[in-house]
Amino acid sequence: QVQLVESGGGLVQPGRSLRLSCAASGSTFSINTMGWYLQAPGKARALVATITSDGITNYLDSVKGRFTISGDNALNLVHLQMNSLKPEDTAVYYCNAVAVASNFYGRRQVISWGQGTQVTVSS
């Protein structure tokens, strides 16, 4: 099992900043990739940023230079620093983990999602 708990969302004015956090816990596991996705009402979920276990990051074009994803070495605690926020950034943001979980019977790839945290950018 891998459980993800998100925090840090809220209501901010355009140009201000938020920092989202995602903490992973559970039975024995290792995380290969952590990511943040956004979902606006009536639209499909879209990738915002990812970070791999070797520290490689990538971003949605519209957030490059404004958002930064980071984490500890094991990716058990991951952050999304969101600067220069725009109204079009408004969405529910979800943490995602691609991990390998182990138990007595073997190893299995697990994809986990956080509960989502609302980000609203409005004046």
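Residues numbered from 1 in each chain as written. Predicted model: local features only at pLDDT ≥ 70, side-chain atom pairs only at ≥ 80, totals over all residues. Heavy atoms only, no water.

Trainee: Help me understand the pattern of salt bridges, please; the structure alone is not making it clear to me.
Mentor: Two side chains carrying opposite charge are able to pair once their charged atoms lie near each other. Applying the stated criterion to the full structure yields two salt bridges. Note that Asp61 and Lys64 form a salt bridge whose closest N and O atoms lie 3.0 Å from each other. With respect to class, Asp61 is no different from Lys64; both count as exposed. Among the salt bridges present, the one from Asp89 reaches Arg66, with a minimum N-O distance of 2.8 Å. Placement of Asp89 in the loop between strand S8 (77-82) and strand S9 (91-103) and of Arg66 in the loop between strand S6 (57-59) and strand S7 (67-71) is noted, with a sequence separation of 23 residues between them. (Salt bridge = Lys/Arg side-chain N within 4 Å of Asp/Glu carboxyl O. Buried < 20%, exposed > 50% of the residue type's maximum accessible area, 1.4 Å probe, protein only. Helix = DSSP H or I, 4+ residues; strand = E, 2+ residues; numbered from the N terminus.)

Trainee: What is the right way to look at the side chain of Ser112 in this model?
Mentor: In this structure, Ser112 sits in strand S10 (residues 106-113). In this structure Ser112 touches Val2, Leu4, Cys95, Asn96 and Ala97, once residues within four positions along its chain are discounted. (Contact = heavy atoms within 4.5 Å.)

Trainee: Is there a simple way to think about the environment of Gly8 in this case?
Mentor: You can see Gly8 is positioned in the loop between strand S1 (2-7) and strand S2 (10-12). Sequence-wise, Gly8 and Ala49 are 41 residues apart; in three dimensions their C-alpha atoms are separated by 16 Å. Non-local contacts of Gly8, meaning those with residues more than four positions away in its chain, are made with Leu18, Arg19, Leu20 and Thr117.

Trainee: Please clarify how the nonpolar core should be interpreted in this entry.
Mentor: One recurring pattern in soluble globular proteins: nonpolar side chains tend to sit buried together. One finds Met34, Trp36, Val48, Leu80 and Tyr93 to be the most contacted residues of the largest nonpolar core, which totals 32 residues. Where this core is concerned, the elements lending two or more residues are S1, strand S3 (18-26), strand S4 (29-39), strand S5 (46-52), S7, S8, S9 and strand S11 (117-121). Apart from the residues within four sequence positions on either side, Leu80 is in contact with Leu18, Arg19, Leu20, Trp36, Val48, Ala49, Phe67, Thr68, Ile69 and Tyr93. (Core = buried A, V, L, I, M, F, W, Y, C linked by side-chain atoms within 4.5 Å.)

Trainee: What exactly am I supposed to notice about the pairing of S7 here?
Mentor: Each regular strand shows side chains that alternate between the opposite faces of the sheet. Strand direction decides the pairing type here: S7 and S8, joined by five bridges, are antiparallel. Bridge pairing in S8 places Gly71 opposite Val78. (Pairing = 2+ DSSP bridges.)

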